[in-house]
Amino acid sequence: MTDLSLIPALPGADLPAAPQRLHHWIGGAWIDSADGATSARTSPAHGVPVSVAARGGRAEAEAAIAAARAAFDAGDWPHGPASARAALLLKVADLIDRDRAAIAHLEVLESGKPITQALAEIAGAADLWRHASALARTQHGDSHNSLGPDMLGLVLREPVGVAALITPWNFPFLIASQKLPYALAAGCTCVLKPSELTPGTTVMLGRLLAEAGLPEGVVNIVLGFGDPVGEVLATDPRVDMVSFTGSTAVGRRISANAAATLKKVSLELGGKNPQVIFPDADLDEAADAIAFGVYFNAGECCNASSRIIAHADVAGALVERVVALSRRVRFGDPLDPRTQVGAIVTPEHLDKIDAHVRAARDSGARVALGGSALNIDGLPGQFYAPTVVDHVRPDMPIACEEVFGPVLSVLRFESFDQAVALVNGTDYGLSAGVWSRDVSTCLDFARRARAGTVWTNTWMDGFPELPFGGFGQSGQGRELGRYGLEEFQEVKTVTMRIGRTRAPWVS
Ligand code: NAD
């Protein structure tokens, strides 16, 4: 292991002297839970207490839903001019930019991700608030002036109503910003529930919304666990829509819970995302993108490219390059700006990652690098080594289940059809990539891959303009692009008779 690039604890790092207290934001008030319950978060890298959050129960979830319902049914937010909503979203974007360093710092402490990455995510989040602001002002419906001389048809877009937004721990601020500004642009009111592991920056966002002048009750934040808070949000009849990002298992549960009241459900779930390497690919560029794709956010990323499907002619050379690059990726203290990969979110999650690698080894795969936890000087938290598992067979669990750690599986193929079959051979369909210098190979692949996003000769570039979401068990619905706004809208048809030209039905 000594030939890895490890970054020890940063001397004099800015660690909290005492944990931050975090409160629910309900109906414009910052409150504790009625029963006083709290949950504490410790930094995954440094092991220091970071936050103590109010732990919501049924009472807090129901109060937040009531506040959002009242703000929707009786407030001005859904019906006012979109220009006013757009102006508020822009103000929030500016406030996010102003507080970027503080938000990123807390994000690092709660999630374990590197500071440079957190800073980029917060800047990206501000950009999403600006994008949603632009959409708010340019949204419109349709008119049909071709239905006959006495008829006019209008198609109106209206907010869905009260939207419950449930987010995961791996990109807490960014994913909240993939949902909330779009819901607000559409005119919805919201209840936002962050992960119990990373509530801090969502609370900071609530403070910025209050500072920007958002009317009371338009956004409510309830802290706490999936059960009971998430369960109440998915079942309460006063909620019109649930927008969820998280695991496929919980997504399935939310879908079942929401079915009783037929809520609209939008799901962004897991992935087992492949990159296919054809023999004519630029292997150096592909290897670099593979390292980025698997180690970014310590592999705790729905978009991690955890499956490499390499042509048998180049697989050996590719694995050599990826192993060499992996040794140079800087794992360590997430507060050190040199660090590229930080800590694993919890000790339990680290054990799950390790169990996946051990099972693969036991069933005959070859661990070409890593395969164990890392000890890093001065850091008591949990880290996992960059890991490359070669000669994986498609029937092994590591080939089709989400590991959610810095672990790459390498499979081999010989023909185009075989590669496509392997790509489409899991229950997931979030994203897929192809590496070839032949544009026809890339296009053919892009059309046959069952995935919501296909990258050709690149990995994980994202833009607010482009929709994001999954096929199959990677989810339903889309975020970002104009689709990201439309998810939060209903479509209403208004059919108008102009004048009294209709012959009486009763003669
Ligand atoms: P998770 O499913 O455990 O939790 C996500 C959220 O759901 C948390 O806020 C949690 O408290 C809540 N929750 C848990 N049980 C619930 C219930 N019964 N009802 C309602 N809410 C409930 O996921 P996680 O571990 O926080 O995040 C990792 C997962 O998220 C991975 O599978 C990853 O692939 C996925 N993810 C997907 C995307 C995407 O855009 N497709 C993005 C990021 C993460």
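Computed from a predicted model, the values in this text were never measured in an experiment.

Side chains three or four residues apart in an α-helix point the same way, a direct result of the helix having 3.6 residues per turn. By the burial criterion, the buried members of helix α7 (residues 226-235) are Val 229, Gly 230, Val 232, Leu 233 and Ala 234. Residues of α7 that are buried in the fold lie against α1 (58-74), β9 (162-166), β10 (189-193), β12 (241-245) and α8 (248-259).

With that out of the way, let us pick up the sheet that holds strand β6 (residues 49-54). Taken together, 3 strands build an open sheet; the order of strands is β2-β6-β5 and the sheet is mixed. Both outer strands of the open sheet, β2 (20-22) and β5 (38-42), are each paired with one neighbouring strand and no more. The average undirected angle you get between the axes of adjacent strands in this sheet is 20°. With 5 bridges joining them, β5 and β6 adopt antiparallel strand pairing. Looking across to β6, one finds that Thr 42 is bridged to Pro 49. The strands that helix α3 (residues 100-111) touches are β2, β5 and β6; relative to β6, the one it contacts most, it runs at about 90°.

Under the defined criterion, the tally for this structure stands at 0 disulfides. Note on Cys 188: no disulfide assigned, nearest cysteine sulfur contributed by Cys 190 at a separation of 6.0 Å. Overall, Cys 188 belongs to the buried group, its relative accessible area being 0%. No disulfide involves Cys 400; its sulfur sits 18 Å from the nearest other cysteine sulfur, which is in Cys 302. The class for Cys 400 is partly exposed, based on a relative accessible area of 28%.

Bringing the packing of helix α13 (residues 416-423) against helix α14 (residues 439-448) into the picture now. Packing of α13 against α14 leaves a shortest axis separation of 10 Å and a crossing angle of 35°. Relative to α14, the crossing made by α13 is right-handed. Judged by residue contacts, Phe 416, Asp 417, Val 420 and Val 423 of α13 engage Thr 441, Asp 444, Phe 445 and Arg 448 from α14. Across the contact of α13 with α14, the residue classes break down as 4 nonpolar, 1 polar and 3 charged.

A separate point is the pairing of β6. As judged from the 3 bridges shared by β2 and β6, these two strands associate in the parallel manner. Looking across to β6, one finds that Arg 21 is bridged to Val 52.

To continue, consider the domain arrangement of the protein chain. Taken domain by domain, the protein chain holds domain 1 (13-269 + 474-492) and domain 2 (274-456). Summarising the inter-unit geometry, the C-alpha centres of domain 1 and domain 2 are found 31 Å apart. Opposite the 27 residues of domain 1 that make contact, domain 2 presents 29 residues. Taking both sides of the interface into account, the surface hidden between domain 1 and domain 2 amounts to around 2,000 Å²; carbon and sulfur atoms contribute 62%. At the junction of domain 1 with domain 2, the criterion picks out 0 salt bridges. One can count 12 residue pairs in polar contact (both at pLDDT 80 or more) joining domain 1 with domain 2. At the level of elements, α3 and α4 (115-138) are the ones that each hand at least two residues to the side of domain 1 that touches domain 2.

In this section: the environment of Ile 122. You can see Ile 122 is positioned in helix α4. Given the relative accessible area of 0%, Ile 122 is considered buried. For the pair Ile 122 and Ala 18, spaced 104 residues apart in sequence, the C-alpha separation works out to 24 Å. Every residue in contact with Ile 122, bar those within four places of it in the chain, is listed here: Ile 96, Arg 100, Ile 103, Ala 104 and Phe 173.

Once that is clear, we can look at the packing of aromatic side chains. Across all of its chains, the model carries 8 aromatic pairs by this definition. An angle of 15° between the planes, with centres 5.3 Å apart, marks the rings of Trp 25 and Trp 30 as stacked. Taking the relative accessible area as the measure of exposure, Trp 25 reaches 4% and is therefore buried. Where Trp 169 meets Phe 404, the ring centres are 5.6 Å apart and the plane angle is 80°; that geometry is what we call edge-to-face. Within this pair, whereas Trp 169 is found in the loop between β9 and α5 (172-186), its partner Phe 404 is found in the loop between α12 (397-400) and β21 (407-413), the two being separated by 235 residues in sequence. With respect to class, Trp 169 is no different from Phe 404; both count as buried. Among the aromatic residues, those joined into a cluster by ring pairs are Phe 171, Phe 292 and Phe 296. For Arg 55, the ring lying beneath its charged end belongs to Phe 225, and the centroid distance is 4.2 Å.

Most of β10 sits out of view: 5 of its 5 residues are buried. The alternating pattern of β10 places Thr 189, Val 191 and Lys 193 and Cys 190 and Leu 192 on opposite faces, both of which are buried. Pairing analysis gives 5 bridges linking β9 to β10, with the strands arranged parallel. Residue pairing in the sheet places Ala 163 in a bridge with Cys 190 of β10.

Taken together, 28 residues are adjacent to the ligand, and Glu 196, Glu 231, Ser 247, Leu 269 and Glu 402 come closest. Within the side chain of Ser 247, an N or O atom sits 2.6 Å from an oxygen atom of the ligand. Between an oxygen atom of the ligand and a side-chain N or O atom of Glu 402, the distance comes to 2.6 Å. Protein chains shield 89% of the accessible area of the ligand, which is 850 Å² for the free molecule. Of all the secondary structure elements, the ones that give two or more residues to the shell around the ligand are α7, β12 and α8. Among the residues forming the shell around the ligand, the class breakdown is 13 nonpolar, 9 polar and 6 charged. Split by domain, the shell around the ligand shows at least three residues from each of two domains, domain 1 (13-269 + 474-492) and domain 2 (274-456).

What counts and what doesn't
Residues numbered from 1 in each chain as written. Predicted model: local features only at pLDDT ≥ 70, side-chain atom pairs only at ≥ 80, totals over all residues. Heavy atoms only, no water. Buried < 20%, exposed > 50% of the residue type's maximum accessible area, 1.4 Å probe, protein only. Helix = DSSP H or I, 4+ residues; strand = E, 2+ residues; numbered from the N terminus. Contact = heavy atoms within 4.5 Å. Pairing = 2+ DSSP bridges. Axes fitted to C-alpha atoms, helices over the stretch in contact; angles between N-to-C directions. Disulfide = S-S within 2.5 Å. Left-handed = near helix turned anticlockwise from the far one by under 90°. Nonpolar A, V, L, I, M, F, W, Y, C, P; charged D, E, K, R; others polar. Domains from an automatic or database assignment. Buried area = accessible area lost by both parts, 1.4 Å probe. Salt bridge = Lys/Arg side-chain N within 4 Å of Asp/Glu carboxyl O. Polar contact = N/O pair within 3.5 Å; in protein donor to acceptor, adjacent residues only side chain to side chain. Phe/Tyr/Trp six-rings, centres within 6.5 Å; stacked < 30°, edge-to-face > 60°. Lys NZ or Arg CZ within 6 Å of the ring centre and 35° of its normal. Near = heavy atom within 4 Å. Areas by Shrake-Rupley, 256 points an atom, 1.4 Å probe, with all protein chains shown as cover.

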